[in-house]
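Take a look at the letters that make up each chain.
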Amino acid sequence: MIPAQRRELLLRELRGTGVLSVRELCDILGVSHMTVRRDIMTLEGEGRVRSVPGGVELVSQVRAEPSYRDKSRADVAEKRAMAHAAAALVGDGQTLYLDAGTTLGHLVPLLWNTLGLTVITNDITTAASLSDHPDVTLFLIGGRIDRENRSSVGDIAAATVAEFNIDTAFISTSSWDLNRGSTTPSREKVAVKRAAMAAASTSVLVAGADKYGAFGTFKVAALTRFSTVITDDRLPESSARAVRDLGVSLEVAVPRRGAEEAGEGLGDEEPSA
(Lines give C-alpha, C1' and ligand atoms only; values in the text may rest on other atoms or scores of the structure.)
Protein backbone atom coordinates (compact mmCIF):
# COMPACT_ATOMS: atom_id res chain seq x y z
CA MET A 1 0.00 0.00 0.00
CA ILE A 2 1.47 3.34 -1.05
CA PRO A 3 1.47 6.26 1.44
CA ALA A 4 -1.46 8.08 -0.21
CA GLN A 5 -3.63 4.96 -0.01
CA ARG A 6 -2.59 4.34 3.59
CA ARG A 7 -3.52 7.88 4.58
CA GLU A 8 -6.92 7.53 2.93
CA LEU A 9 -7.47 4.34 4.94
CA LEU A 10 -6.48 6.21 8.09
CA LEU A 11 -9.06 8.90 7.28
CA ARG A 12 -11.77 6.31 6.63
CA GLU A 13 -11.16 4.71 10.02
CA LEU A 14 -11.33 8.12 11.70
CA ARG A 15 -14.64 8.91 10.00
CA GLY A 16 -16.10 5.94 11.81
CA THR A 17 -14.79 6.81 15.27
CA GLY A 18 -13.73 10.46 15.25
CA VAL A 19 -10.56 9.72 17.22
CA LEU A 20 -8.03 6.87 17.36
CA SER A 21 -4.84 6.21 19.28
CA VAL A 22 -1.51 5.81 17.53
CA ARG A 23 -1.35 2.21 18.79
CA GLU A 24 -4.77 1.43 17.28
CA LEU A 25 -3.68 2.89 13.96
CA CYS A 26 -0.49 0.83 13.98
CA ASP A 27 -2.61 -2.31 14.32
CA ILE A 28 -5.16 -1.23 11.69
CA LEU A 29 -2.59 -0.15 9.12
CA GLY A 30 0.02 -2.78 9.93
CA VAL A 31 2.85 -0.24 10.07
CA SER A 32 5.24 1.15 12.65
CA HIS A 33 4.62 3.88 15.20
CA MET A 34 6.99 6.15 13.27
CA THR A 35 5.12 5.61 9.99
CA VAL A 36 1.78 6.43 11.61
CA ARG A 37 3.28 9.59 13.11
CA ARG A 38 4.57 10.67 9.69
CA ASP A 39 1.15 10.07 8.14
CA ILE A 40 -0.48 12.09 10.91
CA MET A 41 1.96 14.95 10.33
CA THR A 42 1.24 14.94 6.60
CA LEU A 43 -2.54 14.92 7.08
CA GLU A 44 -2.29 17.54 9.80
CA GLY A 45 -0.39 19.76 7.39
CA GLU A 46 -3.28 19.41 4.95
CA GLY A 47 -5.71 20.42 7.70
CA ARG A 48 -7.53 17.09 7.65
CA VAL A 49 -6.66 15.75 11.13
CA ARG A 50 -5.50 17.14 14.48
CA SER A 51 -3.03 15.52 16.89
CA VAL A 52 -4.27 14.81 20.40
CA PRO A 53 -2.29 13.25 23.29
CA GLY A 54 -1.54 9.69 22.21
CA GLY A 55 -3.53 9.82 19.01
CA VAL A 56 -5.33 11.81 16.36
CA GLU A 57 -8.83 13.14 15.70
CA LEU A 58 -10.67 14.01 12.52
CA VAL A 59 -10.99 17.61 11.43
CA SER A 60 -14.03 18.17 9.29
CA GLN A 61 -12.84 21.45 7.79
CA VAL A 62 -10.53 21.07 4.78
CA ARG A 63 -7.91 23.82 4.89
CA ALA A 64 -5.74 22.61 2.01
CA GLU A 65 -5.96 20.02 -0.72
CA PRO A 66 -3.51 17.16 -1.30
CA SER A 67 -1.24 17.50 -4.34
CA TYR A 68 -2.35 16.22 -7.73
CA ARG A 69 0.15 13.37 -7.50
CA ASP A 70 -1.16 12.20 -4.12
CA LYS A 71 -4.77 12.44 -5.28
CA SER A 72 -4.04 10.54 -8.47
CA ARG A 73 -2.93 7.47 -6.51
CA ALA A 74 -5.85 7.22 -4.11
CA ASP A 75 -9.25 5.51 -4.58
CA VAL A 76 -8.64 4.69 -8.22
CA ALA A 77 -11.42 2.08 -8.49
CA GLU A 78 -13.98 4.48 -7.03
CA LYS A 79 -12.88 7.29 -9.31
CA ARG A 80 -13.05 5.07 -12.36
CA ALA A 81 -16.59 3.98 -11.45
CA MET A 82 -17.71 7.59 -11.07
CA ALA A 83 -16.11 8.45 -14.42
CA HIS A 84 -18.10 5.65 -16.11
CA ALA A 85 -21.30 7.05 -14.58
CA ALA A 86 -20.40 10.52 -15.87
CA ALA A 87 -19.61 9.17 -19.35
CA ALA A 88 -23.12 7.73 -19.56
CA LEU A 89 -24.45 11.32 -19.49
CA VAL A 90 -22.43 12.41 -22.54
CA GLY A 91 -23.74 12.28 -26.10
CA ASP A 92 -22.29 13.02 -29.53
CA GLY A 93 -21.88 16.66 -30.47
CA GLN A 94 -22.10 18.07 -26.95
CA THR A 95 -20.10 20.89 -25.43
CA LEU A 96 -18.66 19.86 -22.06
CA TYR A 97 -16.81 21.57 -19.26
CA LEU A 98 -14.44 19.24 -17.40
CA ASP A 99 -13.38 20.73 -14.09
CA ALA A 100 -9.89 20.19 -12.73
CA GLY A 101 -9.44 17.01 -10.76
CA THR A 102 -8.15 13.49 -10.94
CA THR A 103 -11.59 11.85 -10.86
CA LEU A 104 -12.66 13.66 -14.01
CA GLY A 105 -9.31 12.71 -15.52
CA HIS A 106 -10.64 9.16 -15.67
CA LEU A 107 -13.49 10.41 -17.84
CA VAL A 108 -11.09 11.39 -20.64
CA PRO A 109 -10.40 7.92 -22.14
CA LEU A 110 -14.12 7.14 -21.95
CA LEU A 111 -14.84 10.03 -24.33
CA TRP A 112 -12.56 8.74 -27.07
CA ASN A 113 -15.33 7.19 -29.16
CA THR A 114 -17.83 10.02 -28.68
CA LEU A 115 -18.16 12.06 -31.86
CA GLY A 116 -18.04 15.81 -32.38
CA LEU A 117 -17.35 16.89 -28.81
CA THR A 118 -16.25 20.34 -27.73
CA VAL A 119 -14.38 20.17 -24.42
CA ILE A 120 -13.48 23.15 -22.26
CA THR A 121 -11.21 22.51 -19.29
CA ASN A 122 -8.94 24.22 -16.81
CA ASP A 123 -7.06 21.00 -16.11
CA ILE A 124 -3.64 20.82 -17.78
CA THR A 125 -3.42 17.03 -17.67
CA THR A 126 -6.90 16.61 -19.13
CA ALA A 127 -6.05 19.01 -21.95
CA ALA A 128 -2.81 17.17 -22.70
CA SER A 129 -4.63 13.83 -22.78
CA LEU A 130 -7.25 15.14 -25.21
CA SER A 131 -4.84 17.07 -27.42
CA ASP A 132 -4.29 14.06 -29.71
CA HIS A 133 -8.01 13.30 -30.10
CA PRO A 134 -8.81 13.77 -33.79
CA ASP A 135 -12.47 14.68 -33.28
CA VAL A 136 -12.52 16.93 -30.20
CA THR A 137 -12.53 20.72 -30.35
CA LEU A 138 -10.46 21.50 -27.27
CA PHE A 139 -10.18 24.69 -25.22
CA LEU A 140 -7.72 24.99 -22.33
CA ILE A 141 -8.73 28.12 -20.45
CA GLY A 142 -6.13 30.58 -19.26
CA GLY A 143 -5.53 32.05 -15.82
CA ARG A 144 -3.11 31.68 -12.95
CA ILE A 145 -1.62 28.19 -12.81
CA ASP A 146 -2.11 26.29 -9.58
CA ARG A 147 0.96 24.06 -9.83
CA GLU A 148 -0.03 21.68 -7.03
CA ASN A 149 -3.30 20.88 -8.79
CA ARG A 150 -2.16 21.37 -12.40
CA SER A 151 -4.98 23.72 -13.27
CA SER A 152 -5.81 27.33 -14.07
CA VAL A 153 -7.75 29.33 -11.49
CA GLY A 154 -8.90 32.86 -10.73
CA ASP A 155 -10.89 35.62 -12.39
CA ILE A 156 -9.20 35.37 -15.81
CA ALA A 157 -10.08 31.70 -16.05
CA ALA A 158 -13.64 32.40 -14.91
CA ALA A 159 -14.07 35.17 -17.50
CA THR A 160 -12.96 32.81 -20.27
CA VAL A 161 -15.41 30.07 -19.24
CA ALA A 162 -18.24 32.60 -19.21
CA GLU A 163 -17.80 33.12 -22.98
CA PHE A 164 -19.08 29.60 -23.77
CA ASN A 165 -22.49 27.99 -24.02
CA ILE A 166 -22.05 24.62 -22.35
CA ASP A 167 -24.34 21.60 -22.42
CA THR A 168 -22.98 19.85 -19.32
CA ALA A 169 -20.50 21.09 -16.73
CA PHE A 170 -18.86 18.32 -14.74
CA ILE A 171 -17.73 19.89 -11.46
CA SER A 172 -15.26 18.34 -9.02
CA THR A 173 -15.00 19.12 -5.31
CA SER A 174 -12.66 18.61 -2.38
CA SER A 175 -15.53 18.61 0.14
CA TRP A 176 -19.31 18.43 0.21
CA ASP A 177 -22.15 17.89 2.62
CA LEU A 178 -25.89 18.24 2.91
CA ASN A 179 -26.04 21.73 4.41
CA ARG A 180 -23.03 23.50 2.89
CA GLY A 181 -23.11 21.89 -0.55
CA SER A 182 -19.88 21.87 -2.55
CA THR A 183 -17.04 23.80 -0.88
CA THR A 184 -13.32 24.42 -1.34
CA PRO A 185 -10.42 25.80 0.69
CA SER A 186 -9.30 27.82 -2.37
CA ARG A 187 -11.10 31.10 -3.10
CA GLU A 188 -9.61 31.25 -6.62
CA LYS A 189 -11.36 28.01 -7.60
CA VAL A 190 -14.82 29.29 -6.69
CA ALA A 191 -15.17 31.80 -9.54
CA VAL A 192 -14.18 29.23 -12.20
CA LYS A 193 -16.60 26.57 -10.96
CA ARG A 194 -19.46 29.05 -10.65
CA ALA A 195 -18.79 30.48 -14.12
CA ALA A 196 -18.90 27.00 -15.65
CA MET A 197 -22.17 26.22 -13.88
CA ALA A 198 -23.71 29.52 -14.96
CA ALA A 199 -22.74 28.84 -18.59
CA ALA A 200 -24.08 25.28 -18.57
CA SER A 201 -27.56 23.93 -19.22
CA THR A 202 -26.82 21.07 -16.81
CA SER A 203 -24.34 20.85 -13.94
CA VAL A 204 -23.16 17.54 -12.51
CA LEU A 205 -21.22 17.25 -9.27
CA VAL A 206 -18.74 14.36 -9.27
CA ALA A 207 -17.87 13.88 -5.61
CA GLY A 208 -16.24 10.93 -3.88
CA ALA A 209 -17.98 9.65 -0.75
CA ASP A 210 -14.72 10.07 1.15
CA LYS A 211 -15.17 13.85 0.78
CA TYR A 212 -18.70 13.86 2.17
CA GLY A 213 -19.13 15.46 5.59
CA ALA A 214 -16.14 17.77 5.19
CA PHE A 215 -16.23 21.44 4.26
CA GLY A 216 -13.92 24.14 2.98
CA THR A 217 -13.85 27.81 3.79
CA PHE A 218 -15.48 28.91 0.53
CA LYS A 219 -18.86 27.79 -0.77
CA VAL A 220 -19.20 26.90 -4.44
CA ALA A 221 -22.87 25.92 -4.68
CA ALA A 222 -25.69 24.22 -2.83
CA LEU A 223 -26.38 20.64 -3.82
CA THR A 224 -29.71 21.74 -5.25
CA ARG A 225 -27.80 23.67 -7.94
CA PHE A 226 -26.77 20.37 -9.49
CA SER A 227 -29.12 18.26 -11.55
CA THR A 228 -27.12 15.16 -10.63
CA VAL A 229 -24.59 14.19 -8.00
CA ILE A 230 -22.36 11.22 -8.81
CA THR A 231 -20.63 9.53 -5.88
CA ASP A 232 -19.41 6.04 -4.94
CA ASP A 233 -20.85 3.28 -2.80
CA ARG A 234 -19.00 4.26 0.38
CA LEU A 235 -21.64 6.93 1.04
CA PRO A 236 -23.82 5.76 3.96
CA GLU A 237 -27.39 4.98 2.97
CA SER A 238 -28.71 7.55 5.44
CA SER A 239 -26.64 10.26 3.75
CA ALA A 240 -27.75 9.13 0.29
CA ARG A 241 -31.36 9.30 1.39
CA ALA A 242 -30.89 12.81 2.77
CA VAL A 243 -29.38 14.04 -0.50
CA ARG A 244 -32.22 12.54 -2.53
CA ASP A 245 -34.71 14.16 -0.15
CA LEU A 246 -33.39 17.52 -1.39
CA GLY A 247 -34.75 16.63 -4.82
CA VAL A 248 -31.28 16.00 -6.24
CA SER A 249 -30.70 13.00 -8.49
CA LEU A 250 -27.99 10.96 -6.74
CA GLU A 251 -26.16 8.26 -8.67
CA VAL A 252 -24.08 5.84 -6.62
CA ALA A 253 -21.36 4.26 -8.76
CA VAL A 254 -20.24 0.81 -7.64
CA PRO A 255 -16.54 0.24 -8.34
CA ARG A 256 -14.95 -2.96 -9.51
CA ARG A 257 -12.51 -3.07 -6.61
CA GLY A 258 -9.16 -4.63 -7.28
CA ALA A 259 -9.05 -2.96 -10.70
CA GLU A 260 -5.87 -1.13 -9.71
CA GLU A 261 -4.09 -4.44 -9.25
CA ALA A 262 -5.35 -5.52 -12.67
CA GLY A 263 -3.26 -2.76 -14.22
CA GLU A 264 -6.15 -0.59 -15.39
CA GLY A 265 -5.03 2.59 -13.65
CA LEU A 266 -3.78 5.64 -15.52
CA GLY A 267 -0.37 5.66 -13.86
CA ASP A 268 1.42 8.01 -11.50
CA GLU A 269 1.41 10.92 -13.91
CA GLU A 270 -2.10 10.46 -15.18
CA PRO A 271 -5.35 11.52 -13.59
CA SER A 272 -7.35 9.55 -11.12
CA ALA A 273 -10.35 13.97 -7.53
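In this report, we go over the structure that sits alongside the text.

Cut-offs and rules
- Residues numbered from 1 in each chain as written.
- Predicted model: local features only at pLDDT ≥ 70, side-chain atom pairs only at ≥ 80, totals over all residues.
- Heavy atoms only, no water.
- Helix = DSSP H or I, 4+ residues; strand = E, 2+ residues; numbered from the N terminus.
- Buried < 20%, exposed > 50% of the residue type's maximum accessible area, 1.4 Å probe, protein only.
- Polar contact = N/O pair within 3.5 Å; in protein donor to acceptor, adjacent residues only side chain to side chain.
- Contact = heavy atoms within 4.5 Å.
- Pairing = 2+ DSSP bridges.
- Axes fitted to C-alpha atoms, helices over the stretch in contact; angles between N-to-C directions.

If you trace the backbone, T184 turns up in strand 12 (residues 181-184). A residue is classified by how much of its surface remains accessible, and T184, at 2% relative accessible area, is buried. Polar contacts involving the side chain of T184 include one to the main-chain amide nitrogen of S186, which spans 3.1 Å. Residues within four places of T184 in sequence aside, it is in contact with E65, S174, S175, K189, V190, G216, T217, F218 and V220.

It is worth spelling out the sheet that holds strand 3 (residues 55-58) at this point. Strands pair in a sheet through their backbones, by hydrogen bonds, and they do so in one of two ways: parallel or antiparallel. The 3 strands are arranged 1-3-2 in an open sheet whose pairing can be described as antiparallel. Two strands in the sheet have a free side with no partner beyond their single neighbour: strand 1 (19-21) and strand 2 (49-52). Each neighbouring strand pair of the sheet contributes to a mean axis angle of 25 degrees, computed without reference to strand direction. As paired elements, strand 1 and strand 3 share 3 bridges and run antiparallel to each other. Note on strand 3: the bridge partner recorded for L20 is V56. Contacts between helix 2 (residues 22-29) and the sheet are confined to strand 1 and strand 3, with strand 1 contributing the most and set at about 85 degrees to the helix.

On to the pairing of strand 2. Successive residues of a regular strand alternate their side chains across the two faces of the sheet. In this sheet, strand 3 lies alongside strand 2 in antiparallel orientation, the contact comprising 4 bridges. In the sheet register, R50 faces strand 3, and the bridge partner there is E57.

Mapping D99 onto the fold places it in the loop between strand 5 (95-98) and helix 6 (102-105). Note on D99: relative accessible area 2%, which makes it buried. Separated by 3.1 Å, the side chain of D99 and the backbone nitrogen of S172 make a polar contact. Looking at D99, its side chain comes within polar contact range of the side chain of K193, at 2.6 Å.

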